[in-house]
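These are the residues of each chain, in order.
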Amino acid sequence: MFEDLRGYLTHLESQGQLLRVAEPVEVKYEIAAGMRKTSDIEGPALLFEQVKGFPGWRVLGGLFATRKLVALGLGVKEDQLLDRYLTLEDQRIAPELVSTGPVKEIRWTGDQVDLSKLPLVTHAGKDCGPYITIGVQIGKDPETGVRNLSIHRMLLLGKDRLSLWAPADHHLGRMILMAEEKKRGLEVATAIGVDPAIIIGSQAKVPYGIDEFHVAGGLRGAPVKLTKCETIDVEVPASAEIVIEGVTVPGERVADGPYGEYPGCYSEAKQAPVLKVTAITMRQNPIYQTALTGMPVTENHTLIEYGNAAVVYREVKKIVPEVKAVHMTPGGTFRHHVVVSIKKRSQEEARNVILALLSLGIGLKQVTMVDDDINVFDPLEVEWALSTRMQPDKDIIIIPRIACSTLDPSCPAPRITAAWGIDATAPMKERWRFEKVEIPGVDKVKYLKGK
Ligand SMILES: Cc1cc2nc3c(=O)[nH]c(=O)nc-3n(C[C@H](O)[C@H](O)[C@H](O)COP(=O)(O)O)c2cc1C
Ligand SMILES: [Mn+2]
């Protein structure tokens with residue numbers, strides 16, 4: 001368990017997973033270039049100690065650039081990530097309210113609020129401007145008051161204005177619309193620079209009405225300490241580096257984009273809600289955290305993987321208790337394609353799994369089903385199953401149109417996709433015809449070193 005982001009960074013440094021960059025960098029492209037490179041070479045996370053034009057600020061990037069970093073954030077072994085995540089996600093621990101915390105060391109309210117003083121980063125070459133990309137938004141249901149945590153990008157619009165891209169099928173987007181129906185704004189706090197469990201917890205695919213602070217508490221094995229905001233009725237992590245308090249402007253929309261998105265392509269300008277900022281509080285010498293997205297794999301992918309894999313695993317398990325493994329694939333952006341291995345007990349049950357998974361609405365466009373003797377993490381074995389265990393005329397299911405939360409540019413319209421499933425499990429009868437050829441005694445060959 002880490003007390004806060006700083007505690008976690010100390011741990012990362014001791015593991016050789018944090019690099020301090022002393023060379024001064026620009027917020028436009030230069031920070032993101034380093035993040036792109038570290039994502040492509042498997043880490044480490046980067047702490048930029050000198051940011052041109054922003055004396056006294058440090059910028060943290062690529063904190064979850066690799067799966068290894070996500071595993072370190074959860075304090076689990078990389079090869080046990082899904083297993084451990086499933087257990088921890090179920091272990092809910094309620095947050096604890098404290099009277100104050102380090103996040104209150106500096107307070108800007110009223111005219112002091114000035115977002116241009118924060119080192120907001122411009123990432124991709126064609127992005128329309130600087131974005132906050134890894135702020136954890138905390139909002140409350142306008143009727144029940146139940147909190148929600150999620151991450152939504154925010155475009156810098158002015159010294160006290162940001163866009164807030166939260167679509168209607170995400171929980172925060174729903175809350176914004178509910179408040180608008182009552183002709184009100186929604187109070188939203190954005191916490192930047194929090195301990196890893198809060199960030200990972202914000203990505204849990206739990207139903208509407210569950211406060212993800214309880215999930216974060218379970219992930220870290222201790223309650224998250226929260227304190228009240230200055231200008232809105234929302235609670236935030238007491239040791240966050242920065243908190244931006246604000247209220248959405250009912251009915252107002254602003255062009256947001258183009259922006260280099262998780263599918264690895266630019267999204268066109270969208271009409272996004274607007275947040276009027278009412279206060280900014282922070283720690284002394286704050287660390288501003290930014291996250292990269294774009295071509296997989298980035299932290300926008302690694303952070304999504306386990307929330308999605310957990311939902312898929314739980315769903316498959318309801319249908320086939322003998323589910324062996326689930327792999328959200330990197331090329332599938334950890335959202336669009338999943339490979340699932342099962343021990344089939346009846347001839348067509350892989351088809352039931354395909355239909356169930358495509359209905360989840362988490363962005364899945366392709367489900368590939370294989371038997372339990374196929375390693376879902378090995379693309380060669382998966383392709384071998386496709387080459388030898390399935391016939392395209394009868395083993396592919398195509399669903400012409402479903403509602404789906406996706407930014408896949410090939411979709412015919414926003415939030416609509418076609419989807420498909422491939423049953424590459426072998427028929428149950430004449431099973432011997434699909435058996436892998438194996439040579440006895442390979443493990444006894446001592447004169448060659450294995451991988
Ligand atoms: C780095 C990062 C950036 C993200 N940016 C956005 C975004 O701009 N808009 C969005 O709708 N979801 C974004 N997401 C995904 C949501 O935060 C995620 O789907 C979350 O689980 C939604 O929470 P909810 O289930 O409470 O709605 C982002 C995720 C990560 C890790
Ligand atoms: Mn939620």
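Placed above this text is the structure.
Rules of the game
- Residues numbered from 1 in each chain as written.
- Chains lettered and ligands numbered in written order.
- Predicted model: local features only at pLDDT ≥ 70, side-chain atom pairs only at ≥ 80, totals over all residues.
- Heavy atoms only, no water.
- Near = heavy atom within 4 Å.
- Polar contact = N/O pair within 3.5 Å; in protein donor to acceptor, adjacent residues only side chain to side chain.
- Areas by Shrake-Rupley, 256 points an atom, 1.4 Å probe, with all protein chains shown as cover.
- 1 Å grid on protein atoms, 1.4 Å probe; cavity = no way out; pocket = protein on both sides within 12 Å on 5 of 7 lines; lining within 4 Å.
- Sits in = over half its atoms within 2 Å of the grid points.
- Helix = DSSP H or I, 4+ residues; strand = E, 2+ residues; numbered from the N terminus.
- Nonpolar A, V, L, I, M, F, W, Y, C, P; charged D, E, K, R; others polar.
- Donors = N, O, S within 2.8 Å, 3.2 Å for Na, K, Ca; no water.
- Buried < 20%, exposed > 50% of the residue type's maximum accessible area, 1.4 Å probe, protein only.
- Pairing = 2+ DSSP bridges.
- Right-handed = clockwise from strand over helix to strand, strands pointing away.
- Core = buried A, V, L, I, M, F, W, Y, C linked by side-chain atoms within 4.5 Å.
- Contact = heavy atoms within 4.5 Å.
- Salt bridge = Lys/Arg side-chain N within 4 Å of Asp/Glu carboxyl O.
- Axes fitted to C-alpha atoms, helices over the stretch in contact; angles between N-to-C directions.

K.L.:
I tried to follow the site of ligand 1 on my own but got confused; where do I start?
P.N.:
Within the structure, ligand 1 sits among 18 residues, and N148, I151, R153, H171 and K205 are positioned closest to it. Between ligand 1 and the protein, one listed contact pairs an oxygen atom with a backbone N or O atom of I151 at 2.8 Å. H170 has a polar side-chain atom sitting 3.4 Å from an oxygen atom of ligand 1. Here ligand 1 has 650 Å² of accessible area as a free molecule, and 92% of this is covered by the chains. More than half of the atoms belonging to ligand 1 lie within 2 Å of the grid points that define the largest pocket. If you list the elements that add at least two residues to the shell around ligand 1, you get β8 (147-151) and α8 (299-319). Considering each element in turn, the shell around ligand 1 owes the most residues, four residues, to β8. Classifying every residue of the shell around ligand 1 by side-chain character gives six nonpolar, nine polar and three charged.

K.L.:
Hey, could you run me through the coordination of the manganese ion (ligand 2) in this one?
P.N.:
When four donors bind a metal tetrahedrally, each ideal donor-metal-donor angle is 109.5 degrees, and when six bind octahedrally, the ideal angles are 90 or 180 degrees. Around the manganese ion (ligand 2), the protein contributes the donor atoms N148 (OD1), H171 (ND1) and E212 (OE), at 2.1 to 2.2 Å from the metal centre. Sequence spacing among the residues donating to the manganese ion (ligand 2) works out to N-x22-H-x40-E. You can see N148 sitting in strand β8 and its partner H171 sitting in helix α5 (residues 171-181), a full 23 residues away along the chain. Exposure remark for N148: the relative accessible area of 3% places this residue in the buried category. Overall, the relative accessible area of 22% leaves H171 in the partly exposed class.

K.L.:
Looking at this model, I keep getting lost on the pairing of strand β21 (residues 366-371). Mind explaining?
P.N.:
Regular strands place their side chains on alternate faces of the sheet. Burial within β21 is extensive, with six of its six residues counted as buried. Here β21 shows a buried face lined by Q366, T368 and V370 and a second buried face lined by V367, M369 and D371. Sheet topology note: the strand β20 (residues 337-342)/β21 ladder contains six bridges and is parallel. If you follow V339 over to β21, its bridge partner there is T368. For the crossover that starts at β20, traverses helix α9 (residues 349-358) and ends in the parallel β21, the hand is right-handed. Judged from the four bridges that link them, β21 and strand β23 (residues 416-423) form a sheet pairing that is parallel. Counterpart to V367 in the pairing with β23 is G421.

K.L.:
Looking at this structure, how should I read the nonpolar core?
P.N.:
Side chains of nonpolar character tend, in soluble globular proteins, to be buried together. Ranked by internal contacts, the top residues of the largest apolar core, which has 77 residues, are L12, L63, V312, V326, V338, V340 and L357. Ranked by residues supplied to this core, first place goes to α8 with seven residues. Not counting residues within four places of it along the chain, the set of residues in contact with V340 comprises V312, V316, V323, A325, V326, L357, T368, M369, V370 and V376.

K.L.:
Is there a simple way to explain the pattern of salt bridges in this structure?
P.N.:
Opposite charge on two side chains permits pairing when their charged atoms draw close. One pass over the structure, following the stated rule, counts 35 salt bridges. Here E13 and R20 are joined by a salt bridge, their closest N and O atoms 2.8 Å apart. Accessibility expressed as a relative area gives 34% for E13, which makes it partly exposed. With relative accessibility at 39%, the residue R20 sits in the partly exposed group. Linking K276 and D160 is a salt bridge whose minimum nitrogen-to-oxygen distance equals 2.9 Å.

K.L.:
Would you explain the environment of L157 in this entry?
P.N.:
By the secondary structure assignment, L157 is in strand β9 (residues 154-158). Among the residues examined, L157 registers a relative accessible area of 30% and is labelled partly exposed. For the pair L157 and Y131, spaced 26 residues apart in sequence, the C-alpha separation works out to 9.6 Å. Apart from the residues lying within four places of it in its own chain, the contact partners of L157 are L162, S163, V254 and V274.

K.L.:
When you look at the sheet that holds strand β2 (residues 45-48) in this model, what are you seeing that I'm missing?
P.N.:
Within a sheet, adjacent strands bond to each other through the backbone by hydrogen bonds, running parallel or antiparallel. Spatially, four strands are ordered β1-β2-β3-β18 in an open sheet, and the strand pairing comes out mixed. Of all strands in the sheet, those bounded by a partner on one side alone are β1 (18-21) and β18 (287-290). With strand direction ignored, the average angle separating the axes of adjacent strands in the sheet is 25°. The strands touched by helix α1 (residues 5-14) are β1, β2, β3 (58-61) and β18; relative to β1, the strand with the most contacts, the crossing angle is about 100°. On the sheet, helix α2 (residues 30-40) packs against β2, β3 and β18 and is oriented at approximately 160° with respect to β2.

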